[in-house]
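# Results of the structural survey
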Amino acid sequence: MLFRSALPDLEFTGEAFSETAGRRGALWSVKARVELKVRERATGKLLVTDREVRLAIDSAEHVAGKQALAEAAAELAVRVLPQVIR
């Protein structure tokens, strides 16, 4: 059986980056920003645009960066998905 969704074909695009915010002793703080746009593919209509910034601290700079990015993306998902899945 073929499943067809009544939802429009959506395109999720955006940008994510992180950078060092500081270091104190052996701890690194990293700030991350995730930006997201959701468009209806057929029409190009912009449905949602949102962004989230998070700060994470860890003893390894790259781990703090990944943690901050993951937390920002998770928060965006909580806010954006209910807006596009109706």
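Now for a quick tour of the structure. All of these numbers come straight from a predicted model, not from anything done at the bench. (Residues numbered from 1 in each chain as written. Predicted model: local features only at pLDDT ≥ 70, side-chain atom pairs only at ≥ 80, totals over all residues. Heavy atoms only, no water.)

## Digging into a nonpolar patch on the surface
A cluster of nonpolar side chains, F12, L81 and I85, forms an exposed patch at the surface whose accessible area comes to about 270 Å². For I85, a relative accessible area of 51% corresponds to the exposed category. (Patch = residues over 30% accessible without salt bridge, like charges linked within 9 Å, V, L, I, M, F, W, Y side chains within 5 Å. Areas by Shrake-Rupley, 256 points an atom, 1.4 Å probe, with all protein chains shown as cover. Salt bridge = Lys/Arg side-chain N within 4 Å of Asp/Glu carboxyl O. Buried < 20%, exposed > 50% of the residue type's maximum accessible area, 1.4 Å probe, protein only.)

## Considerations on the sheet that holds strand β3 (residues 46-58)
One open sheet accounts for three strands, arranged β1-β2-β3; its pairing is antiparallel. The strands lining the two open edges of the sheet, one partner per strand, are β1 (10-24) and β3. Geometrically, the sheet is characterised by an average inter-axis angle of 10 degrees between neighbouring strands, direction not taken into account. Of the strand pairs in this sheet, strand β2 (residues 27-40) and β3 are connected by 12 bridges, and their pairing is antiparallel. Opposite V30, over in β3, you have A56 as the bridge partner. Here helix α1 (residues 61-84) sits on the sheet in contact with β1, β2 and β3, set at roughly 150 degrees to β3. (Pairing = 2+ DSSP bridges. Helix = DSSP H or I, 4+ residues; strand = E, 2+ residues; numbered from the N terminus. Axes fitted to C-alpha atoms, helices over the stretch in contact; angles between N-to-C directions. Contact = heavy atoms within 4.5 Å.)

## Things to note about α1
If you check α1, its first and last C-alpha atoms are 34 Å apart, about what 24 residues at 1.5 Å a residue would give, namely 34 Å. Bending of α1 peaks at approximately 30 degrees at the position of A77. Of all the residues in α1, the buried ones are A64, G65, A68, A72, L76, V80 and V84. Among the structural elements, β1, β2 and β3 are those in contact with the buried residues of α1. (Expected span 1.5 Å × (residues − 1). Bend = angle between axes of the 7 residues up to and from the residue.)

## Some points on the pattern of salt bridges
With the rule as written, the count across this model stands at eight salt bridges. One salt bridge in this structure joins R41 and E11, with 3.8 Å as the shortest N-O distance. Placement of the pair is R41 in the loop between β2 and β3 and E11 in strand β1, with a sequence separation of 30 residues. On the accessibility criterion, E11 (31% relative accessible area) is partly exposed. The salt bridge partner of E75 is R54, with a shortest N-O separation of 3.6 Å.

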